[in-house]
Amino acid sequence: MQKNNLIKTEAYVNGKWVNAGTGKTFDVNNPATGELIASIPDMNREDVRQAIDAANDAWPAYRSLTAYQRATLLKKWYALILEHKEDLATLMTLECGKVLQESLGEVEYGASFVEWFAEEARRTYGDVIPAPSNDKRIVVIKQSIGVVAALTPWNFPLAMITRKVGPALAAGSPVIVKPPSETPLTGLALAYLAEKAGFPPGVYNTVTTTDSSEVGKELCENRKVRKLSFTGSTQVGKILMSQCSSTLKKLSLELGGNAPFIVFDDADVDAAVIGAIISPFRNSGQTCVCVNRFFAQDKVYEEFVAKLSSAVAALKVGNGLDQGVQVGPLISTKGLNKVKQHVEDAVAKGAVLTEGGKEMGGLFYQPTVLADATADMVIAQEEVFGPVAPVFRFSTEEEVIKMANDTEYGLASYFYTKDVSRCWRVAEALECGMVGINEGLISNAVAPFGGVKESGVGREGSKYGMDYFMEIKYLCFGGIK
Ligand code: SIN
């Protein structure tokens, strides 16, 4: 790290760096080495209530700033994030294990949401609607929704914060960020840079805790929080949704996926292998849009499996800070065990290991390819969240669309073909929120990110993203002569 002041060991509430009311702390460890990085406040429900009160008190003044003033604050924050790119990336790699090159990419990706929403802040246009009678005028305005709670995951410690907080701050809403206990330090560093950017006290708050369920409950049930945005598992998303029902809170949920990646007979197989390498092994397979299931058509099946296996064999695994490493550790023993169980189950049911399939000590697992995967394997239905690529065989377009859609999830899908008509047919038939067509990397700030079915509710990023942080108000002017 070039500047140690980015490592904050206190939470940030109402413009002050604070400890937990109880004085309790918890440790943040490096998943690549097990070493302690820092100890930070383990806050409880009462601490969070104070943060909510501060945010709510800050709301009237903040929403009264002009869009231009809010955009200027966001632009300053954006510049500071980029100025500290190397340190933020190092911190991220230290606490989540992601390889440094990917962490650097995430800083840019995360910053791009701040820049995008700084620009969008000035475009929250309303409407004038032709009235049903001449003595009336109908106008629609968009207003800040109020205090926003952002519950973010460990797999993208920076970008999932900015993707939620960017539009909230742009819309005039104060935020309470609750980063995960595995990777809170990047979140605290972002809070420090937000403070430096000049957001008024109470507008940007970050609380840290190991008691996600109690703190989550407060964020869901407190009336002063008007919107909750969560990225994480479908299981937790469902709990939050039911807890939010007590206050009918607005929700955005970006949840699990079970992404199919289809290689048709007419595909450019080499291009498909490049896309295939990017997607399931990004962040060691720990992203919601990672490919979980590969489907290759009969004629290209063997070629695809062979080329994918040799590309996977060439991936370098290790500590994300080391030069040339492409795949880092898994985040936890629980995550590692899940990967092991999925692979063992698949092999027991007839899958053939063509590459990998072994633990490498610590939290490391070999990037793995499983040929001859079938629908009865656990890996076909459950997100593995690890560096494993099962390959299923199919014969017809109709059959593979059924196989791809045979899941409760619907986040991302990918397919490779050279046939333009098939591009449209398949893209329209896949039940998901995002489709990569001859492309394995689809995430960016200008496009709407989100899923259908049990993959979530709402969209983040893009011109649609602001709407989820604003309320529409209709004004009816009467008595017009
Ligand atoms: C996620 O895994 O939740 C986000 C992935 C992305 O933004 O690309």
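Residues numbered from 1 in each chain as written. Predicted model: local features only at pLDDT ≥ 70, side-chain atom pairs only at ≥ 80, totals over all residues. Heavy atoms only, no water.

Undergrad: Can you walk me through the sheet that holds strand E20 (residues 470-477) in this structure?
TA: Hydrogen bonding along the main chain pairs the strands of a sheet, whether they run parallel or antiparallel. Strand order in this open sheet of three strands is E5-E6-E20, and the pairing throughout is antiparallel. A single partner strand is all that each edge strand has here, and the edge strands are strand E5 (127-129) and E20. Neighbour-to-neighbour, the strand axes of the sheet open up by a mean angle of 25°, direction not taken into account. Note: strand E6 (residues 137-144) against E20, eight bridges, orientation antiparallel. Bridging from a neighbouring strand, Ile141 pairs with Lys473 of E20. (Pairing = 2+ DSSP bridges. Helix = DSSP H or I, 4+ residues; strand = E, 2+ residues; numbered from the N terminus. Axes fitted to C-alpha atoms, helices over the stretch in contact; angles between N-to-C directions.)

Undergrad: Help me out: how do you make sense of the packing of helix H2 (residues 67-83) against helix H5 (residues 159-171) in this one?
TA: In helix packing, the relevant descriptors are the interaxial angle and the interaxial distance, both defined with respect to the helix axes. Packing of H2 against H5 leaves a shortest axis separation of 8 Å and a crossing angle of 150°. In terms of their interaxial angle, H2 and H5 are classed as roughly antiparallel. When the axes of H2 and H5 are compared, the crossing they make is right-handed. Facing Arg70, Leu74, Trp77 and Ile81 of H2, the residues of H5 in contact are Thr162, Val165, Gly166, Leu169, Ala170 and Ala171. Each residue belonging to the contact of H2 with H5 can be placed in one class, and the counts come to seven nonpolar, two polar and one charged. (Parallel < 35°, antiparallel > 145°, perpendicular 65-115°, else oblique. Left-handed = near helix turned anticlockwise from the far one by under 90°. Contact = heavy atoms within 4.5 Å. Nonpolar A, V, L, I, M, F, W, Y, C, P; charged D, E, K, R; others polar.)

Undergrad: Would you explain the environment of Ser421 in this entry?
TA: Within the secondary structure, Ser421 sits in helix H14 (residues 420-429). Take Ser421: its relative accessible area is 47%, and that puts it in the partly exposed class. Remark: the alpha-carbon pair of Ser421 and Thr247, spanning 174 residues in sequence, is separated by 47 Å. (Buried < 20%, exposed > 50% of the residue type's maximum accessible area, 1.4 Å probe, protein only.)

Undergrad: For this particular structure, what's the right way to read the site of the ligand?
TA: What surrounds the ligand is a group of 13 residues, the closest being Tyr109, Arg163, Arg282, Cys288 and Ser443. Note that an oxygen atom of the ligand is positioned 2.6 Å from one of the side-chain N or O atoms of Tyr109. Take Glu254: an N or O atom from its side chain is 3.0 Å from an oxygen atom of the ligand. Bound to the protein, the ligand loses 100% of the 260 Å² it would expose on its own. The site holding the ligand turns out to be the largest cavity. Its residues assigned to classes, the shell around the ligand shows six nonpolar, four polar and three charged. (Near = heavy atom within 4 Å. Polar contact = N/O pair within 3.5 Å; in protein donor to acceptor, adjacent residues only side chain to side chain. Areas by Shrake-Rupley, 256 points an atom, 1.4 Å probe, with all protein chains shown as cover. 1 Å grid on protein atoms, 1.4 Å probe; cavity = no way out; pocket = protein on both sides within 12 Å on 5 of 7 lines; lining within 4 Å. Sits in = over half its atoms within 2 Å of the grid points.)

Undergrad: Sorry, what's going on with the pairing of strand E18 (residues 434-437) here?
TA: Here is the key point about a regular strand: its side chains alternate between the two faces of the sheet. Across the two faces of E18 the burial differs, with Met434 and Gly436 buried and Val435 and Ile437 not buried at all. This β-α-β element, strand E17 (residues 412-416) to H14 to E18, shows right-handed connectivity. (Right-handed = clockwise from strand over helix to strand, strands pointing away.)

Undergrad: Looking at this structure, how should I read the sheet that holds E18?
TA: If you trace the seven strands from one edge of the open sheet to the other, you get E14-E15-E16-E13-E12-E17-E18, paired in mixed fashion. With one partner strand each, in any of the chains shown, strand E14 (352-355) and E18 form the two edges of the open sheet. Neighbouring strand axes in the sheet, compared pairwise and without regard to direction, differ in orientation by 25° on average. Pairing between strand E12 (residues 259-263) and E17: three bridges, direction parallel. Following the sheet pairing, Val263 is matched in E17 by Tyr416. Where helix H11 (residues 333-348) meets the sheet, it contacts E14, strand E15 (368-373) and strand E16 (388-394), and its direction lies at approximately 35° from that of E15.

Undergrad: What is the right way to read empty space enclosed by the protein from this model?
TA: Once rolled over the atoms, a probe with the size of a water molecule shows which space is left empty. A complete count under the given rule lists five cavities of 30 Å³ or more for this structure. Lining the largest cavity we find 13 residues, and of these Phe156, Met160, Arg163, Glu254 and Phe449 sit closest to its centre. The class makeup of the residues in the lining of the largest cavity is six nonpolar, four polar and three charged. Taken together, domain 1 (4-255 + 455-475) and domain 2 (259-449) each give at least three residues to the lining of the largest cavity, which thus spans both. Contributing to the lining of the second largest cavity are 13 residues, with Asn258, Pro260, Tyr409, Gly410 and Ala412 lying nearest its centre. Mapped onto the lining of the second largest cavity, the elements with two or more residues apiece are E12 and E17. Of the residues belonging to the lining of the second largest cavity, the class tally is seven nonpolar, four polar and two charged. (Points joined across faces, edges and corners; volume = space filled by probe spheres on them. Domains from an automatic or database assignment.)

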